[in-house]
Amino acid sequence: MNMINKVFSAEQLDNKDPLALKVEAFSLPDDTIYLDGNSLGPLPKSAEARASEVVKQQWGQDLITSWNKHQWISLPQLVGDKIGNLIGAKNGQVICCDSISINLFKVLSAALKMRPERKVIATTRDNFPTDIYMVQGLLELLGDEYSVRYIDESNIGAQLSDDIAVLMLTQVNFRTGLKLDMQSITALAHDRNILTLWDLAHSAGAFPVCLDDCDVDFAVGCTYKYLNGGPGAPAFIYVAGRHQSQYKQPLSGWMGHSAPFSFSPDYAPDSTVKQNLCGTPGVIGMSILDAALDVFEGVSLKAIDEKSKKLQAFFIAEAKRAGVLDYFSLVSPPIDVRGSQLALAHDEAYAICQAWIAEGVIADFRAPNILRIGFAPLYLSFTNLEKAVQTLSDIMVEKRYENATFQQRQSVT
Ligand SMILES: *Cc1c(COP(=O)(O)O)cnc(C)c1O
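Residues numbered from 1 in each chain as written. Predicted model: local features only at pLDDT ≥ 70, side-chain atom pairs only at ≥ 80, totals over all residues. Heavy atoms only, no water.

What follows is about the nonpolar core. Judged by nonpolar contacts, the single largest core of 54 residues is most densely connected at Ile-83, Ile-87, Leu-167, Trp-198, Leu-200 and Leu-211. With four residues, the single largest contributor to this core is helix α4 (residues 75-86). Mapped onto the domain boundaries, this core takes at least three residues apiece from domain 1 (2-30 + 300-407) and domain 2 (49-296). Apart from the residues lying within four places of it in its own chain, the contact partners of Ile-83 are Val-94, Thr-223, Leu-227, Phe-236, Leu-289 and Leu-293. By size, the runner-up hydrophobic cluster in this structure holds 38 residues, among which are Trp-356, Ala-363, Phe-375 and Leu-385. (Core = buried A, V, L, I, M, F, W, Y, C linked by side-chain atoms within 4.5 Å. Buried < 20%, exposed > 50% of the residue type's maximum accessible area, 1.4 Å probe, protein only. Helix = DSSP H or I, 4+ residues; strand = E, 2+ residues; numbered from the N terminus. Domains from an automatic or database assignment. Contact = heavy atoms within 4.5 Å.)

Let us look at the site of the ligand. Around the ligand lies a shell formed by Ser-99, Ile-100, Ser-101, Phe-128, Thr-130, Asp-131, Thr-170, Asp-199, Ala-201, His-202, Tyr-224 and Lys-225. Contacts to the ligand include Ile-100, whose backbone N or O atom sits 3.4 Å from an oxygen atom. Here a nitrogen atom of the ligand sits 3.0 Å away from a polar atom, N or O, in the side chain of Asp-199. When residues of the shell around the ligand are traced back to their parent elements, those giving at least two are α5 (100-114) and α6 (129-142). Looking at side-chain class alone, the shell around the ligand contains four nonpolar, five polar and three charged residues. (Near = heavy atom within 4 Å. Polar contact = N/O pair within 3.5 Å; in protein donor to acceptor, adjacent residues only side chain to side chain. Nonpolar A, V, L, I, M, F, W, Y, C, P; charged D, E, K, R; others polar.)

On to the environment of Ala-319, then. You can see Ala-319 is positioned in helix α9 (residues 301-321). The exposure class of Ala-319 is buried, given its relative accessible area of 1%.

A few words now on the domain arrangement of the protein. Domain assignment breaks the protein into domain 1 (2-30 + 300-407) and domain 2 (49-296). Domain 1 and domain 2 are separated by 31 Å when their C-alpha centres are compared. Each partner contributes to the interface: domain 1 provides 25 residues, whereas domain 2 provides 18 residues. Interface of domain 1 and domain 2: buried area, both sides summed, is about 1,700 Å²; carbon and sulfur atoms make up 60% of it. Counting every contact that joins domain 1 to domain 2 gives zero salt bridges. Run the count over domain 1 and domain 2 and you get nine residue pairs in polar contact (both at pLDDT 80 or more). (Buried area = accessible area lost by both parts, 1.4 Å probe. Salt bridge = Lys/Arg side-chain N within 4 Å of Asp/Glu carboxyl O.)

All right, on to the environment of Gln-341 then. Note that Gln-341 resides in strand β10 (residues 341-345). Overall, the relative accessible area of 0% leaves Gln-341 in the buried class. It is 5.5 Å that separates the C-alpha atoms of Gln-341 and Ile-373, two residues lying 32 residues apart in sequence. Engagement of the side chain of Gln-341 in a polar contact is seen with the backbone oxygen of Asn-173, the distance being 3.4 Å.

Structure follows, in structure tokens:
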């Protein structure tokens, strides 16, 4: 075995971790090491309390008066601005609504309208499937004049041309963790008058994002990953202030009307980011998200990012020391161009992941052969990682993944 001496022990690293106490803000099960917060963040205690308050008191006792009394009607903007704080967006540019998929439809439609002479949407072939599917569905609606162009994640600038209306990119690749340079790519797109749409699914809450400073045009993201908003929590849309007066999205529901309670038969769009609202918001889910976001109070995203990098370096060092990396190929890019996750490739990745879960270490599998490990610094400790690596080492040495129960595929992987 390759014996690399540890510089600091896991305990020493935990002792000097400024975020160590944040784990107290979460309701995590005992004996579980959670390496999947990049897919579904765990339950914040603040969210648990709010769930009960919004159901029992606000809905149960205050009934319909809560739309005003508890500001239900303003939640999409209030929560939107809270998310804005975490992604470098000044107030009034982010609204909380729907899912990423639906929000992509709205933003892509609006962006194409702002570049009527251009008929191409550019995106990467390796993008998250729903992002690509939504483009394909929109193209079906628009007809043959429009098309999608798949570009490579490397050297994006060289693949941009003047027929592209919108460049839709996910900042962090969901499989490999490759992180694109938002600032330089946005600038290159703008050189050709191309609008940019960034998907922040694996960015928001994981590291500092600077939408305003990068001059981004549009962004979308979900809140159930690093933002811990809960399963199916509502997503968000960012529309840069400078575009809001020209922005026109086609899902013209009453909540995006400039005066929904005038009940006029004619649609008149709201002139702000609020135009992205369509139907009645899911108040319970959005309230839970609102409370969940409070765990970020007093924490800098820079500190989160720094701890993530330390956690990842520690994991890799431990995995090398324990011989685990002799079994896998590490397919993630280097740390300076990587999000808060690692991808380990192995033909038996699915069964290995199941065997790991059986030992209380939850990670996930991404087809075809990736064991994906998420690093969420608000509740993960170095001691957790040391244990997780030891367990993975035992699984590999004993080939426990060959057990038939771990080979059985479930519907969600
Ligand atoms: C998780 C994720 C989604 C999910 O989309 P929903 O519509 O919220 O289900 C979309 N895009 C990317 C890049 C993701 O990682």
